[in-house]
Amino acid sequence: MAAWTGAARQAANLSRLYSPKWVSSPQAASLIQWRGLAGGGDHHGPPKVNFWEDPMHPSKWKEEHFVIVSLTGWGLLFYGGYKFFTKGKDKKEEVHCPIAIT
């Protein structure tokens, strides 16, 4: 039974998307409301800035800039810790032979 209702709902959505231009006004209004979240962007609060414009206040940064800077910082922290704790294990001893072999 649930499969039939899902198929009917999908068919109704498709008919709403591909309806002709002479559609009545209530159907056009429901189509506009259906796409209500496509406007994008949070318009509440102070405007967000690029991280290089105000580097000392992360709360004012754009969300994507905050993510990039945070992930870069964590990556550098882990890489620096790895290099610090394994610095003596990567070196190979070179053996110097005083006699030249020709």
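About the criteria used
- Residues numbered from 1 in each chain as written.
- Predicted model: local features only at pLDDT ≥ 70, side-chain atom pairs only at ≥ 80, totals over all residues.
- Heavy atoms only, no water.
- Helix = DSSP H or I, 4+ residues; strand = E, 2+ residues; numbered from the N terminus.
- Buried < 20%, exposed > 50% of the residue type's maximum accessible area, 1.4 Å probe, protein only.
- Areas by Shrake-Rupley, 256 points an atom, 1.4 Å probe, with all protein chains shown as cover.
- UniProt positions renumbered as here; feature names shortened; annotations may be inferred.
- Phe/Tyr/Trp six-rings, centres within 6.5 Å; stacked < 30°, edge-to-face > 60°.
- Contact = heavy atoms within 4.5 Å.
- Salt bridge = Lys/Arg side-chain N within 4 Å of Asp/Glu carboxyl O.

Considering the overall build of the protein
And then number 1: Within the protein, the secondary structure is distributed over three helices and zero strands.
And then number 2: The order of helices and strands in the protein, counted from the N terminus, is α-α-α.
And then number 3: Considering the protein as a whole, with its 102 residues, one finds that 5% of them fall into the buried category.
And then number 4: With an accessible surface of roughly 10000 Å², the protein has 65% of that area assigned to carbon and sulfur atoms.

Describing the UniProt feature "transmembrane region" (unreviewed entry) in the protein
And then number 1: UniProt's feature table lists "transmembrane region" (unreviewed entry) at residues 65-82, given in the numbering used throughout.
And then number 2: In the segment residues 65-82, helix accounts for 100% and strand for 0%; the C-alpha atoms at its two ends are 26 Å apart.

Side note on the packing of aromatic side chains
Aromatic ring pairs are reported here in terms of the distance separating the ring centres and the angle at which the planes meet.
And then number 1: Overall, the coordinates contain five aromatic pairs when judged by the stated rule.
And then number 2: Summarising the aromatic geometry, the rings of F51 and W61 are spaced 5.9 Å apart at their centres and angled 65 degrees between planes, so their arrangement reads as edge-to-face. Taken together, the residues span a long stretch of sequence, with F51 in the loop between α2 (25-34) and α3 (63-85) and W61 in the loop between α2 and α3 at a distance of 10 residues.
And then number 3: Look at W61 and you get buried, because its relative accessible area is 9%.
And then number 4: Ring geometry for F84 and F85: centres 5.1 Å apart, planes at 80 degrees, overall edge-to-face.
And then number 5: Its relative accessible area of 63% is what places F85 among the exposed residues.
And then number 6: Put simply, the rings of F51, W52, W61 and F66 touch in pairs and so form one group of aromatic residues.

Brief notes about the side chain of H65
And then number 1: Along the chain, H65 turns up in helix α3.
And then number 2: Residue H65 is classed as buried on the basis of its relative accessible area of 14%.
And then number 3: If we skip the residues at most four places from it in the chain, H65 touches N50, F51 and W52.

Digging into the pattern of salt bridges
And then number 1: Here the structure, examined in full by the defined rule, presents one salt bridge.
And then number 2: Linking K60 and D54 is a salt bridge whose minimum nitrogen-to-oxygen distance equals 3.7 Å.
And then number 3: Given a relative accessible area of 18%, D54 falls into the buried group.

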